[in-house]
Each structure stands twice: as structure tokens, then as C-alpha cells.
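Structural characterization, general
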Amino acid sequence: MYKIILLSFAIFACSVSTHAEIRIEKYSSVARDNSGNTAYEEKHEVTFNDRQVQRASTKYLDSKGQVFGEMTSNFTKMITIPDYDFKDLRTGTSHGIKINGEKITLWNKTSDGQLSELDFFKNKFAEDTLIVGCQGLHYYLIDNLERVKEKKKVSIAYFIPGKLDYYKFTLRLDREDDKYIYLKLSIDNFFLKLFTSALDLKYNKSDRRLVQFSGLSNITDDKDELQNVVINYKYN
């Protein structure tokens, strides 16, 4: 029997103190479209308890510096699929995920307040499937780059609350050099393949930070259409 890969939380006890170290990390990024123009910017603030991610907030800004979207995530129940809430201030819509035990609830809300929900259950996913949502894949990779390198290939079910569904991906080690690890996230969904064939991730080996992302964005453009971007990250 194959088991679903679920990342459990460990509470790390300090050998000299009963108090955990709370650390806040801030970083930013710029997403550029296929023409090299700024599509949007991101401002991230992440809270860690020792080395374990706890919460994150992200603000999305347009090319004029105006905030058009906000997302808050809570990783205390599950790292790969946090409870999260995304608000699109341009359209008045929102979506997110709620975790309650084995139940994963995807939800979205229209601009007039109409709420739609759909439930999935962790134990319905089989054969070494990594189930992820929101920024959960990133924080999984921070702690599991070596595991991904060893496995060479990881099957992923990626939850998309805006669609009340999940899409299948395959994560592979693309290559590595002295400084970076390059991962490729291949899309197994026919519809998404019409826009891009894969997502590319570049991680720094020394600090395990995401350096660059390229591929289909989870943020739509001003016409509410899917867009491909290249995102470069800068850490404070």
C-alpha cells in the first residue's frame, strides 16, 4: 500500500531554552510578462517558529504600485496545503482552502457574495501523490530538495480553489550546478498545456531560497486571463 506524502509538523525543543525562536522573513519579487514588462509585484512576509513556517501574507501590486490582491496563509495544520484566503481587489472575488482533519474544502466567492464549496479527502489520493495548494509546494521543497533529487520524479495533485478542482503535475529534477538546483513541474492537464508545457523553479543550494519561477502564473492579468510570467525573487 502506497502512502500519500503528507508533511507532518514537528515541535522542536531548544536544548537551552523552552522558548522557540520566532523569526519573520520579508522578501519581494517582480513578475514580468512575455514582453519583459512588469505584470505585477509581490511583497511577502513570512513567520517561522524555529525553522517551521507558520504563517504568510502576500500583497500583489500592479505596475503603478497599487495593491490589487491580498493573500493570507496559515501552515500550522499542514505545510503542503495551508488554510488560505486570496482576495482580488480588482474583481471583488475571493477563493481559498480550509483544512478540517482529513477534509480539504476548496471555496470561491463571486463579487456578489455567492459562495461555492467542494470537499476532497486526503485518503482518496493514492500512490505516492504529493497533495499541495497555494504556496505549500514551495515550503515543502525548502525542506525536501534532497528528497526530490533522490526520487527524480514526484507526482503532484495541485488544488486550484478558483476552479474547485485539482490538476495533476509531475515534478522532476531538471539539472543542477554548483550554486543552483533546477526543477521542472510538467503539466498533465490538457487545458493548461494550451498555455504552457511546464513551470520552472530555480533554488539556491546554500540557503534553499527560491530564486526564479517561470511559467503559468496563479495571478490573472487585468482582463482576468491566464498569463505566463518570469518571477525573480529578492530577499531582505
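Model, not experiment: these values are computed from the prediction.

Looking at the environment of Glu-41
With respect to the helices and strands, Glu-41 occurs in strand 2 (residues 38-49). In this structure Glu-41 comes out as partly exposed when scored by relative accessible area, which is 25%. Sequence separation between Glu-41 and Val-67 is 26 residues; the distance between their C-alpha atoms is 9.1 Å.

Quick look at helix 1 (residues 136-151)
Taking 1.5 Å per residue as the helical rise, helix 1 with its 16 residues ought to reach 22 Å, whereas the 19 Å between its terminal C-alpha atoms falls clearly short. The largest bend along helix 1 measures about 80 degrees and falls at Asn-144. Listed as buried for helix 1 are Gly-136, Leu-137, His-138, Tyr-139, Tyr-140, Leu-141, Asn-144, Leu-145, Val-148 and Lys-149. Downstream of helix 1 by one or two residues, Lys-152 has phi in the positive range, about 70 degrees.

Considering the packing of aromatic side chains
For any pair of aromatic rings, the description rests on two quantities: the centre-to-centre distance and the angle between the ring planes. Counted under the stated rule, the structure contains 15 aromatic pairs. Ring geometry for Phe-125 versus Phe-159: centroids 5.8 Å apart, planes at 80 degrees, classification edge-to-face. Taken together, the residues Phe-125 in the loop between strand 8 (115-121) and strand 9 (129-133) and Phe-159 in strand 10 (residues 153-160) connect sequence positions 34 residues apart. Phe-125 gets classed as buried once you look at its relative accessible area, which sits at 8%. Plain terms: the ring middles of Tyr-158 and Phe-169 are 5.9 Å apart, the flat faces sit at 65 degrees to each other, and that makes the pair edge-to-face. With Tyr-158 in strand 10 and Phe-169 in strand 11 (residues 165-176), this pair connects stretches of sequence that are eleven residues apart.

Section: the pattern of salt bridges
The tally for this structure, following the rule as stated, stands at 15 salt bridges. Between Glu-25 and Arg-209 there is a salt bridge; the shortest N-O distance is 2.9 Å. Taken together, the residues Glu-25 in strand 1 (residues 22-32) and Arg-209 in the loop between strand 13 (198-204) and strand 14 (210-216) connect sequence positions 184 residues apart. Through salt bridges that share partners, Glu-146, Lys-149, Glu-176 and Lys-205 make up one connected network.

Considerations on unusual backbone geometry
Even without glycine at this site, Asp-50 takes up a positive phi of about 55 degrees. Among the secondary structure elements, Asp-50 is positioned in the loop between strand 2 and strand 3 (52-61). Of note in the backbone geometry, Cys-134 takes a positive phi value of approximately 55 degrees without being a glycine. Among the structural elements, Cys-134 can be located in the loop between strand 9 and helix 1. A relative accessible area of 12% means that Cys-134 is categorised as buried.

Concerning the nonpolar core
Core analysis: the biggest nonpolar cluster contains 56 residues, and Leu-141, Ile-156, Phe-159 and Leu-183 have the highest contact counts within it. Among the elements that take part in this core, helix 1 stands out by supplying six residues, more than any other. Contacts of Leu-141, omitting those with residues within four sequence positions, involve Val-148, Leu-171, Leu-183, Leu-201, Tyr-203 and Arg-208.

So, the side chain of Asp-88
Of note, Asp-88 is situated in strand 5 (residues 83-88). A residue is classified by how much of its surface remains accessible, and Asp-88, at 5% relative accessible area, is buried. Not counting residues up to four positions away in its chain, the partners in contact with Asp-88 are Phe-68 and Thr-93.

Things to note about the environment of Ile-187
Tracing the sequence through the fold places Ile-187 in strand 12 (residues 180-187). The class of Ile-187 is buried, set by a relative accessible area of 2%. Note: C-alpha distance between Ile-187 and Phe-169 (18 residues apart in sequence) is 4.8 Å.

Here we look at the confidence of the model for the protein chain
Of all residues in the protein chain, 89% have pLDDT values of 70 or greater, and the mean over the chain is 89. The model gives residues 1-18 a pLDDT under 50, and that stretch makes 33 contacts with residues more than four places away or in other chains.

So, how was this worked out
- Residue positions are given per chain, counted from 1 along the sequence in the order it is written.
- For a predicted model such as this one, the threshold for reporting local features is a pLDDT of at least 70, and the threshold for listing and counting side-chain atom pairs is 80 or more; totals across whole chains, interfaces and linings nevertheless cover every residue.
- The basis for every side-chain value is the complete set of heavy atoms in the structure, and neither hydrogens nor water enter the calculation.
- Secondary structure is summarised from DSSP: a helix means a run of H or I of at least four residues, a strand means a run of E of at least two, and numbering begins at the N terminus for each.
- Each residue is placed in one exposure class: buried if its accessible area under a 1.4 Å probe, protein chains only, is under 20% of its type's maximum, exposed if it is over 50%, and partly exposed if it falls in between.
- A helix is expected to span 1.5 Å multiplied by its residue count minus one.
- The angle between axes fitted to the seven residues ending at a residue and the seven residues starting there is what we call the bend at that residue.
- Pairing of aromatic side chains requires ring centres within 6.5 Å, counting the rings of Phe and Tyr and the six-membered ring of Trp. Pairs whose planes differ by under 30 degrees are stacked, by over 60 edge-to-face, and all others tilted.
- Salt-bridge detection follows one rule: a side-chain nitrogen of Lys or Arg within 4 Å of a carboxyl oxygen of Asp or Glu.
- In this text, buried Ala, Val, Leu, Ile, Met, Phe, Trp, Tyr and Cys residues form a nonpolar core when linked through side-chain atoms within 4.5 Å.
- Contact criterion: two residues are considered in contact whenever any of their non-hydrogen atoms come within 4.5 Å of each other.
- Values of pLDDT, the confidence the predictor places in each residue, fall between 0 and 100.

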